[in-house]
Amino acid sequence: MAGTRYLRYIIFAFVCLIVIFFISSSSSAPIDKHYQQATDFVKDKWRTNAPEGSKEMLDQYNHIPTSDSPPTTGKEYIKPETTPNPPQSLKGGAAPGERVNATFVTLARNSDTFEIAKSIRAVEDRFNHKYNYDWVFLNDKPFDDNFIKVTTALVSGKTRYGLIPEEHWSFPDFIDQDKAAATRKDMAERKIIYGDSISYRHMCRFESGFFFRQEIMQEYDWYWRVEPSIELYCDVDYDPFKYMQDHNKKYSFVLSLYEYKETIPTLWDSTKKFIKEHPEHIAAGNSMKWLSNDDGETYTNCHFWSNFEIGNLNWLRSPAYIDYFTSLDRDGGFFYERWGDAPVHSIAAGLLLPKEEIHFFEDFGYWHVPFTHCPAAEETRLKNKCHCNPDDNFDFNGYSCTKQFYELHNTPLPQQALGQH
């Protein structure tokens, strides 16, 4: 019993010596080195002064592991994997390679702060934390400090904030206010979505003809539009801006569908007038067969859903697009009806660009209430770590126009589509 008690005293003294030695050692040495030096020191003292019979008990402490110590089981030691430090020339986790002159762009209100925060987080987690692109926020009212603080904290690139000029968010002087008010009243009675909204009409007109003309946007060549409360379901492990640039694409989408025809009764009539007045702007090999089933006489109402779009700003600034928007604007349909920016962008892309310059990002996973795009191929979903349910994919729903886009390009439909039709 006395020997056991004596051994306990020795163990206690051993622990105290380790602590004292650790504290007194230089703080510049690694912790593991402190620990190992203290251990070796006490072991030597213990072996010299320990009573007979206790040296064998000391051997069980000979293999106190440090972080780099091999195990004592006899198996080959494999040092645990650690995250390597990124190259000093890049931000943490950033992808190598050149960046395109591009930005995200979001039209938002101060009340959207935490809904846009969700969207930013989705885009940053799935893509931008590796590429650090800028993010431009636009508003017809000044952004408040909270909006700026929250969004700046979330974006890996630079955040920039633009105030929309009043002339880009108001009734132009050629609009008959009484006629516009009568339209809103009629649409409200017919329960057409946003039918009585003035601000929604200003938004559609702004996104159709002015967002790319903002002073802050003049510095960029490419944009990726992001709206509040969207979801990005899959990793994007390449730069879609650079893909668009390298492959001579001008406009892109992930979802397409039919427009609510009650909101655009004369949009195609205005478009046909433009075609007649500006044949020089109509591209050879365009997407007319997607826009019309009768060689341009009537409109299919198909459009790319513009809450997601990646596009070329210089194309939107081109004479062809500006002339098209100006013609529509003068016809007054943004206020006398309820023309949306989605059919305006889609018809413009379909007529003014060769069809090869419009790209479908099929490998993206995306949601904007109420529709989902989920990549059709399981291999793509697994590779890109998608968490969307392929059964929710809207692409081949009867109200989608994506099947017709495949047909326009003579592209075989995915197996998923064949199973649904």
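Refer to the structure presented above.
My aim in this report is to walk through the structure given alongside it, one point at a time. (Residues numbered from 1 in each chain as written. Predicted model: local features only at pLDDT ≥ 70, side-chain atom pairs only at ≥ 80, totals over all residues. Heavy atoms only, no water.)

### Here's the deal with the pattern of salt bridges
And then number 1: This structure, assessed with the given rule, holds 20 salt bridges.
And then number 2: E98 is the salt-bridge partner of K242, the closest N and O atoms lying 3.7 Å from each other. Here K242, found in helix α8 (residues 240-246), pairs with E98, found in the loop between α3 (55-58) and β1 (102-107); they are 144 residues apart in sequence, far enough to count as distant.
And then number 3: You can call K242 partly exposed: its relative accessible area is 22%.
And then number 4: Ionic pairing is found between E189 and K185, a salt bridge with its closest N-O pair at 2.7 Å. (Salt bridge = Lys/Arg side-chain N within 4 Å of Asp/Glu carboxyl O. Helix = DSSP H or I, 4+ residues; strand = E, 2+ residues; numbered from the N terminus. Buried < 20%, exposed > 50% of the residue type's maximum accessible area, 1.4 Å probe, protein only.)

### A look at the packing of helix α7 (residues 198-209) against helix α12 (residues 319-331)
And then number 1: Between α7 and α12, whose axes approach to 10 Å, the crossing angle comes to 155°. In terms of orientation, α7 lies roughly antiparallel with respect to α12. Contact residues: R205, S208 and G209 in α7; Y321, F325 and D329 in α12. (Axes fitted to C-alpha atoms, helices over the stretch in contact; angles between N-to-C directions. Parallel < 35°, antiparallel > 145°, perpendicular 65-115°, else oblique. Contact = heavy atoms within 4.5 Å.)

### Comments concerning the pairing of strand β3 (residues 159-163)
Two faces belong to every sheet, and in a regular strand the side chains alternate between them.
And then number 1: Across 5 bridges, strand β2 (residues 134-139) lies against β3 in parallel orientation. Looking across to β3, one finds that N139 is bridged to L163.
And then number 2: Handedness of the crossover joining β2 and β3 through helix α5 (residues 145-154) is recorded here as right-handed. (Pairing = 2+ DSSP bridges. Right-handed = clockwise from strand over helix to strand, strands pointing away.)

### Considerations on the layout of surface pockets
And then number 1: In this model, the largest pocket occupies a volume close to 1,100 Å³.
And then number 2: Y194, Y200, M203, E227 and H368 are, among the 36 residues lining the largest pocket, the residues nearest its centre.
And then number 3: Only β2, α7 and α14 (341-352) provide two or more residues apiece to the lining of the largest pocket.
And then number 4: No other element matches α7, which puts 4 residues into the lining of the largest pocket.
And then number 5: Taken as a whole, the second largest pocket encloses approximately 170 Å³ of empty space.
And then number 6: Lining the second largest pocket are Y258, N286, K289, W290, N293, T300, C302, K355, Q404, E407 and L408. (1 Å grid on protein atoms, 1.4 Å probe; cavity = no way out; pocket = protein on both sides within 12 Å on 5 of 7 lines; lining within 4 Å. Points joined across faces, edges and corners; volume = space filled by probe spheres on them.)

### Some thoughts on the packing of aromatic side chains
And then number 1: Scanning the entire structure with this criterion turns up 48 aromatic pairs.
And then number 2: Ring plane angle 70° and centroid distance 5.7 Å describe the contact between F143 and Y161, whose orientation is recorded as edge-to-face. A residue pair is termed long-range when its members are at least 10 positions apart, and F143 in the loop between β2 and α5 and Y161 in strand β3 qualify at 18 residues.
And then number 3: Judged by its relative accessible area of 24%, Y161 falls in the partly exposed class.
And then number 4: Ring geometry for Y238 against Y243: centres 6.3 Å apart, planes inclined by 65°, an arrangement best described as edge-to-face.
And then number 5: Taking relative accessible area as the criterion, Y243 reaches 25% and is therefore assigned partly exposed. (Phe/Tyr/Trp six-rings, centres within 6.5 Å; stacked < 30°, edge-to-face > 60°.)

### Thoughts on the sheet that holds strand β11 (residues 366-368)
And then number 1: Spatially, 3 strands are ordered β5-β11-β12 in an open sheet, and the strand pairing comes out antiparallel. Two strands close off the open sheet at either side, each with one partner strand: β5 (231-232) and β12 (371-373).
And then number 2: One ladder, built from 2 bridges, connects β5 with β11; its direction is antiparallel. From the neighbouring strand, L232 faces β11, where its bridge partner is Y366.

### Notes on the state of the cysteines
Here, disulfide denotes a covalent bond that connects the sulfur atoms of two cysteines.
And then number 1: This structure, assessed with the given rule, holds 3 disulfides.
And then number 2: There is a disulfide in this structure between C234 and C386, and the S-S distance comes to 2.0 Å. Looking down the S-S bond of the C234 and C386 bridge, the torsion is 115°, so its handedness is right-handed. Taken together, the residues C234 in the loop between β5 and α8 and C386 in the loop between α15 (378-383) and α16 (402-408) connect sequence positions 152 residues apart. Accessibility classification places C234 together with C386 in one group, the buried group.
And then number 3: Looking at the chain, its bonded cysteines, counted consecutively from the start of the sequence, adopt the pairing 1-4, 2-6, 3-5. (Disulfide = S-S within 2.5 Å.)

### Side note on the environment of K141
And then number 1: By the secondary structure assignment, K141 is in the loop between β2 and α5.
And then number 2: Placed 25 residues apart in sequence, K141 and E166 show a C-alpha to C-alpha distance of 9.7 Å.

### Comments concerning unusual backbone geometry
And then number 1: Here the residue pair V369 and P370 is connected by a cis peptide bond, since its omega of 5° sits within 30 degrees of zero.
And then number 2: Take P370: it is sitting in the loop between β11 and β12.
And then number 3: We note that N132 has phi near 60°; this positive angle belongs to a residue other than glycine.
And then number 4: Tracing the sequence through the fold places N132 in the loop between α4 (113-126) and β2.

### Here we look at the packing of α12 against α14
And then number 1: Between α12 and α14, the shortest axis-to-axis distance is 11 Å and the interhelical angle comes to 135°. One finds that α12 runs oblique with respect to α14. Crossing hand, α12 versus α14: right-handed. Residues A320, Y321, Y324 and L328 of α12 touch α14, and the partners they reach there are V344, H345, I347, A348 and L352. (Left-handed = near helix turned anticlockwise from the far one by under 90°.)

### Some words on empty space enclosed by the protein
And then number 1: The full count for this structure, using the stated rule, is 2 cavities of 30 Å³ or more.
And then number 2: What the largest cavity holds in volume is close to 50 Å³.
And then number 3: Elements with a contribution of two residues or more to the lining of the largest cavity: β1 and α7.
And then number 4: Considering each element in turn, the lining of the largest cavity owes the most residues, 3 residues, to β1.
And then number 5: Computed from the structure, the second largest cavity encloses a volume of approximately 40 Å³.
And then number 6: Taken together, V123, W224, R225, V226, E227, I230, L232, N307, F308 and Y366 make up the lining of the second largest cavity.
And then number 7: Each residue belonging to the lining of the second largest cavity can be placed in one class, and the counts come to 7 nonpolar, 1 polar and 2 charged. (Nonpolar A, V, L, I, M, F, W, Y, C, P; charged D, E, K, R; others polar.)

All quantities given are derived from atomic positions and should not be read as evidence of function.
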